[in-house]
Amino acid sequence: MSARPFSPLPADLADWSAGDLLEAYARKDVSPVDAVQAVIARIEAYEPRLQALYAYDPEAAVKAARESEQRWARGAARALDGIPATIKENIATKGTPVPLGTAARPLTPAKEDAPSAARLREDGVVILAKTTMPDYGMLSSGLSSFHPLARNPWDLSKNPGGSSAGAGAAAAAGYGPFHIGTDIGGSIRLPASWCGVFGLKPSFGRIPIDPTYYGRVAGPMTRTVRDAALMMTSLTRPDARDPMSLPYQDLPWLDLGIEVRGLKIGLMMEAGIGLPLDPEVRAAVERAAKAFADAGAVVEELKPFVTRDMLDGLDDFWRQRAWMDIGALSDEERAQVLPYILKWAEGGKALTGAQVYAGMNQMMVMRHAAVAATHDFDFVLSPVAPNVAYEAELASPIHDPEKPFEHIGYTVAFNMSDQPASSVNAGFTKAGLPIGLQIIGRRFDDVGVLRLSGAWEGMCSDKRPWPRL
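Presented here is a report on the structure given in the accompanying data block. (Residues numbered from 1 in each chain as written. Predicted model: local features only at pLDDT ≥ 70, side-chain atom pairs only at ≥ 80, totals over all residues. Heavy atoms only, no water.)

1. A word on the nonpolar core
And then number 1: One finds Trp318, Ile341 and Leu450 to be the most contacted residues of the largest nonpolar core, which totals 144 residues.
And then number 2: With 9 residues, the single largest contributor to this core is helix H2 (residues 32-50).
And then number 3: In contact with isoleucine 341, not counting residues within four places along its chain, are Asp135, Tyr136, Met138, Leu139 and Ile326.
And then number 4: By size, the runner-up hydrophobic cluster in this structure holds 10 residues, among which are Trp154, Ala167, Cys195 and Val197. (Core = buried A, V, L, I, M, F, W, Y, C linked by side-chain atoms within 4.5 Å. Buried < 20%, exposed > 50% of the residue type's maximum accessible area, 1.4 Å probe, protein only. Helix = DSSP H or I, 4+ residues; strand = E, 2+ residues; numbered from the N terminus. Contact = heavy atoms within 4.5 Å.)

2. Focus on the pairing of strand E9 (residues 379-383)
And then number 1: In terms of burial, E9 is largely enclosed, as 5 of its 5 residues are buried.
And then number 2: As paired strands, E9 and strand E11 (residues 434-441) are joined by 5 bridges and run antiparallel to one another. Bridge pairing in E11 links valine 380 to isoleucine 440. (Pairing = 2+ DSSP bridges.)

3. A closer look at the environment of aspartate 255
And then number 1: Tracing the backbone shows aspartate 255 in the loop between helix H7 (225-235) and strand E7 (264-267).
And then number 2: When its relative accessible area of 31% is taken as the criterion, aspartate 255 is described as partly exposed.

4. Quick look at the sheet that holds strand E2 (residues 84-88)
And then number 1: Read from one edge of the open sheet, 11 strands run E1-E3-E2-E4-E6-E5-E10-E11-E9-E7-E8, paired in mixed fashion. Looking at strand neighbours, the two that pair on one side only are strand E1 (53-54) and strand E8 (298-301), the edges of this open sheet.
And then number 2: Sheet strands in contact with helix H8 (residues 279-294) are E7, E8, E9, strand E10 (421-428) and E11, and its direction is about 50° off that of E11. (Axes fitted to C-alpha atoms, helices over the stretch in contact; angles between N-to-C directions.)

5. Side note on the pairing of strand E5 (residues 198-201)
And then number 1: With burial as the criterion, each face of E5 is covered, one bearing Phe198 and Leu200 and the other bearing Gly199 and Lys201.
And then number 2: Bridge analysis of E5 against strand E6 (residues 217-222) gives 2 bridges, and the strand direction is antiparallel. The residue of E6 that forms the bridge with glycine 199 is methionine 221.
And then number 3: Strand direction decides the pairing type here: E5 and E10, joined by 3 bridges, are antiparallel. What sits directly across from glycine 199, in E10, is serine 423.

6. Some remarks on unusual backbone geometry
And then number 1: Cis geometry marks the peptide bond from glycine 162 to serine 163; its omega dihedral reads 10°.
And then number 2: Structurally, serine 163 is set in the loop between strand E3 (126-131) and helix H5 (165-173).
And then number 3: A cis amide bond links aspartate 210 to the next residue, proline 211, at an omega of 5°.
And then number 4: Topologically, proline 211 is positioned in the loop between E5 and E6.
And then number 5: Despite not being glycine, glutamine 51 has its phi angle at roughly 55°, a positive value.
And then number 6: Here glutamine 51 shows up in the loop between H2 and E1.
And then number 7: The backbone phi angle of phenylalanine 444 is positive, close to 75°, even though this residue is not glycine.
And then number 8: Here phenylalanine 444 is to be found in the loop between E11 and helix H14 (446-459).
And then number 9: Taking the relative accessible area as the measure of exposure, phenylalanine 444 reaches 33% and is therefore partly exposed.

See below:
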């Protein structure tokens, strides 16, 4: 295991890492009840303005923390016992409705925990709340017809990103160390980037999910790489409900040491499509690439490979997929869907079968292009997004349902190619908004992505205190 540099522990337990909490629990210096109550105090102070949570249940959390405290006292603590956490709304937790961010769905309590929630609960994690998301998870935004508008804790006038909107905001605000998001085109990495936290989109199938879907994964969102690694020790355990999951491997998640010298790293500064790259984002990513080169890595340009046909084809397929759900609603139910999402999905209802199939086929074209473009490199660096956080009230940076995905050119291909990819903070704009660095690995090298992310976490010179609301 790599050694962690010494740093003084924060005064407020809400800001402690999971690793530090576990060590303090073992020494009996701190109780899980103390930690959970500190997080509850943080939530009660910040949540009226942040609006990141759904189904918040502080009483149940304190009860679970007391049970954890008793396990620690009698020497029967579980692997992650007593760590406060949130879970994205679309990951089912028993007894809680799963509205998928939209007012159009009935509020039917879930019958059981989805795999990610089940694994964390088995390991003693204390679940305080679910986190908010946009309608059907189809926005890089916190805008929702069901949930209040989530905001970015670095600047409340800005968007936290999405679709793991509440998760990104909660992680940055200190609502506990552990948060789970989902990602099908950038929905972990974009809010991680815009909220200045760490997010890992693991290899497809590495973390079992239910229900499954092409390119869709669940993954950790944390303040530190090591906390994400701790989550991976739990989240990756097998679950028979996911027939698309990878065979389980007991990987060395907490061995975060890596020799940067000699690594061959690709640098993809242009997405090839979509919004132009913000100059401050460009400068931050180029600084990171230079730091890796100065540490002995061989950094070479990687030319863009995502095309307009790929992105438009995927848009067609996703519109039709959304219309299958929305078109089946009654007129009254459909009227409750976020207007932006409704207008976007309606673009799918007139598509022919051939058009939908051609759109779906672009997923495979994108998959082949991503693997072919990156296979000569150990890792690839890029921006997470061409822009930083935008106005909270907008559905997307352009806010045009006819151009919905102009900001995901750097992220979406690696969902299609099964490759692990992270967002780790690369610095801040002059206005104080976070900038994300994307680190992409070879297929199934999730541990490698965590290791290089951890190396960058130690190298990055633009570190700032977490936001205070």
